[in-house]
Amino acid sequence: MEERRPLAELLGPDGPFAERIDGYAPRSAQLAMAEAVERTLDDCGRLIVEAGTGTGKTFAYLVPALRSGGKVIISTGTKALQDQLYHRDLPLVAETLGIPARTALLKGRSNYLCRHRLEVNAESGRFRSREMAFRFQRVREWSAATRSGDIAEIGDIPEDSPVWPYVTSTGDNCLGQECAHVGDCFLIRARRSAQEADLLVINHHLFFADMALRGEGFGELLPGANAVILDEAHQLPEAASAFFGLAVSGRQLLELAQDALTEQVREAPDMASLARAAEGLEKAARDLRLAFGPGDRRAAWSEVERDAGVGSALDELRSRLAALNAVLEPVAARGKGLESCQRRTRELGEAIDQLTGDTPPGQVHWFETRGRGFTLHLTPLNVAAPLRAHMDAQKCAWVFTSATLAVGDSFRHFSARLGLEDAETLQLPSPFDYPSQALWYVPRGLPQPNTPGYTRAVVDAALPVLVASRGRAFLLFTSHRALREAADLLEGRLDYPLLVQGTAPRSELLRRFRELGNAVLLGTSSFWEGVDVRGEALSCVIIDKLPFAAPNDPVVKARIDTLREEGREPFIEFQVPSAVITLKQGTGRLIRDVSDRGVLVICDPRLLRRGYGHAFLDSLPPMARTRDVADVERFFAVE
Ligand code: SF4
């Protein structure tokens, strides 16, 4: 093998990156990470690396990945990050290195046009509204011209339009090898390019689907890989829990009913009983939602399992599934669509039995309702063992990276949750000059967070800061209730535009925040991470409380109970470390660049008064600290 150029040369001041990229600055942390990743790839090892904001971790893994010559899978947290990595960073690094790698971007199944669904729904012509019919027609026209089948190409239909399920497939309704379009299926084609690529960019959802051989996973990607690099790895424990668990949503039941109706029109027009059975299932699914009661809820299954209304709605749902199965059974052989409906009916019936039956050890049964939808879940409380088994079966290198993995200087929390106790670890600080770029302010005199009037006190403490910062702030809340209360309290009291989560889509609020340049944005969990506002538009982040997960959340509560039963300390071992990671994510919104300046305000007095506060204090970047609002005013006065 030809000798590789030292990474220090490539990433150094006279290397190709410095030559090509304006304002490129070599960073020692980036080089250290690139060297560690390269070693891990060479040795088929396992590495956990926390790279503080601004380290340049994307280049630090792309350079060794491209130089490795093997097949590398890179997984990121979201589609937006996938696109950014694939369309922006990857071509730049590959061209700079002069490595002509075959690369591919693979998204989830629901991003690709399904010719079969398009065809059957065009034949049935059942649309809920004229707008739907119009959009369906728009997709049909585009389908004749597209080469990739990636629905992102149609920019004028919103992502949440109800037309998409009519023209894309799910693991449930895809006919696979039985499909008449298997030869020119966009999804299969995209998967084939993914298999042939040297460097493949996917997301965590797809990664686990493939690993767990579930849903949209074909189990074909991982076996050929020499290395897997997981970015935004702090999201993995939650993503893994979802995939190693089981869930059935009301939407899946409604889609089955809809598909059965469509197939009846196409393949069994003589069978009115099939249409009646499908309509019966649809009604039973809607009635079960009603039985859970109004409003959004997330609770343990044990809270409703003895509820008479839920019990009888569930019995009705089971009997409707059985009835549909009985009607489909004799006609399933008439066509692949009917056969698929029968298989799904049977599988959903079995899943619902598991989701409402006895709880296996180490798992939790729970449910959630949101709007008109509901989902039943069975979630494992520990994913370390199944994940570990999958990793051991796969002879390749594993790299886990994110800006937020460690608590203080320990990776124990993260590695224990994923079964990575023997992985090499590396913690690289951010290259930003936090003591001069950022100020951390903890207001005096705030009451305990569980006392009435707490949010009012937070708003009172925030107001002088918002005046000093001239808007340009995020106020991050740990609950929707506090967010709404603060929004009411701030109404009319600020000279700056107020943007409130829930009043417009998240992307729209962020666009306005960037454009306005002096706005104050109030948000909850979805704004704590994955938001990148560089420059002066975001100069202040105010956090109402330490972000402990709600202890009455069914999965959190089950984890706490299990740790307690094992004689362990759930608060110290699980709740505090999880909150530290969330707080690190939230504060990471503030300084995104070497020239950013900003103030972090944490209102929660427990930070300084409770023994566990040091876990938070030791985990945040080394900002200057103050308890005096006059320092905040001085900080902004020098701008
Ligand atoms: S194979 Fe599946 S995804 Fe592809 S066209 Fe057929 S049903 Fe659709």
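Each value, and the rule that gives it
Residues numbered from 1 in each chain as written. Predicted model: local features only at pLDDT ≥ 70, side-chain atom pairs only at ≥ 80, totals over all residues. Heavy atoms only, no water. Helix = DSSP H or I, 4+ residues; strand = E, 2+ residues; numbered from the N terminus. Contact = heavy atoms within 4.5 Å. Areas by Shrake-Rupley, 256 points an atom, 1.4 Å probe, with all protein chains shown as cover. Lys, Arg positive; Asp, Glu negative; His and termini not counted. Charge placed at Lys NZ, Arg CZ, Asp CG, Glu CD. Pairing = 2+ DSSP bridges. Axes fitted to C-alpha atoms, helices over the stretch in contact; angles between N-to-C directions. Salt bridge = Lys/Arg side-chain N within 4 Å of Asp/Glu carboxyl O. Buried < 20%, exposed > 50% of the residue type's maximum accessible area, 1.4 Å probe, protein only. Near = heavy atom within 4 Å. Nonpolar A, V, L, I, M, F, W, Y, C, P; charged D, E, K, R; others polar. Disulfide = S-S within 2.5 Å. Domains from an automatic or database assignment. Buried area = accessible area lost by both parts, 1.4 Å probe. Polar contact = N/O pair within 3.5 Å; in protein donor to acceptor, adjacent residues only side chain to side chain.

**Considerations on the overall build of the chain**
Along the backbone of the chain there are 26 helices and 18 strands. Judged by the C-alpha coordinates and their principal axes, the chain covers about 80 × 70 × 55 Å. Taking the intrachain contacts of the chain between residues at least 6 apart in sequence as the baseline, contacts between residues at least 24 apart amount to 76%. Working note: accessible area of the chain is about 28200 Å², and carbon and sulfur atoms make up 50% of it. When the 76 basic and 86 acidic side-chain charges of the chain are each reduced to a single mean position, those positions are 3 Å apart.

**Focus on the sheet that holds strand β16 (residues 540–543)**
What the seven strands build is an open sheet, ordered β14-β15-β13-β16-β17-β12-β18; its pairing is parallel. The outermost strands of the open sheet, each flanked by one partner alone, are β14 (498–500) and β18 (624–626). Between one strand and the next, the sheet's axes are offset by a mean angle of 15°, whatever the strand orientation. The strands touched by helix α20 (residues 480–490) are β13 (473–476), β14 and β15 (520–523); relative to β15, the strand with the most contacts, the crossing angle is about 155°. Here helix α23 (residues 570–587) sits on the sheet in contact with β13, β16 and β17 (598–602), set at roughly 150° to β16.

**Section: the pattern of salt bridges**
Overall, the coordinates contain 48 salt bridges when judged by the stated rule. As a salt-bridge pair, R20 and E95 come within 2.8 Å of each other at their nearest N and O atoms. Note that R20 is positioned in helix α2 (residues 16–20) and E95 in helix α5 (residues 79–97), a separation of 75 residues in sequence. Here R511 ties to E515 by a salt bridge, and the two come within 2.7 Å at their closest N and O atoms. Note that R511 and E515 are positioned in helix α21 (residues 506–516) at a spacing of four residues, about one turn of the helix. You can call R511 partly exposed: its relative accessible area is 37%. The class for E515 is exposed, based on a relative accessible area of 58%. Taken together, the shared-partner salt bridges connect E119, E123, E263, R266 and E267 into one network.

**A closer look at the site of the ligand**
The local shell around the ligand consists of R109, C114, R115, H116, S169, C174, L175, G176, C179, H181 and C185. In terms of residue class, the shell around the ligand is built from five nonpolar, four polar and two charged.

**Side note on the state of the cysteines**
Evaluated as defined, the whole model comprises zero disulfides. For C44, which is in no disulfide, the shortest distance to another cysteine sulfur is to C396 and amounts to 6.4 Å. Free of any disulfide, C603 has its nearest cysteine sulfur in C540, 9.5 Å distant.

**Some points on the domain arrangement of the chain**
Parsing the chain into structural domains produces domain 1 (26–108 + 189–243 + 382–428), domain 2 (113–168), domain 3 (246–380) and domain 4 (434–637). Taking the mean C-alpha position of each, domain 1 and domain 4 sit 29 Å from one another. Across the contact, 16 residues belong to domain 1 and 16 residues belong to domain 4. Across the domain 1 to domain 4 interface the summed buried area is about 1100 Å²; carbon plus sulfur atoms make up 49%. Contact with domain 4 buries area across many residues of domain 1, yet T53, T404 and H413 alone supply 43% of it, more than any other trio.

**Quick notes on the side chain of T404**
Along the chain, T404 falls in the loop between β10 (397–402) and α17 (412–418). A relative accessible area of 4% places T404 in the buried class. A polar contact is formed between the side chain of T404 and the side chain of Q585, at a distance of 2.7 Å. Those residues in contact with T404, other than ones at most four positions away along the chain, are E50, H234, I581, K584 and Q585.

**Examining the sheet that holds β10**
By way of backbone hydrogen bonds, the strands of a sheet pair with one another, either parallel or antiparallel. Spatially, β3-β4-β2-β5-β10-β1-β11 is the arrangement adopted by the seven strands of the open sheet, whose pairing is parallel. Only two strands of the sheet have a single partner each, and these edge strands are β3 (103–105) and β11 (424–428). Taken pair by pair, the neighbouring strands of this sheet meet at an average axis angle of 15°, ignoring direction. Note: strand β2 (residues 72–76) against strand β5 (residues 227–230), four bridges, orientation parallel. Bridge pairing in β5 places I74 opposite I229.

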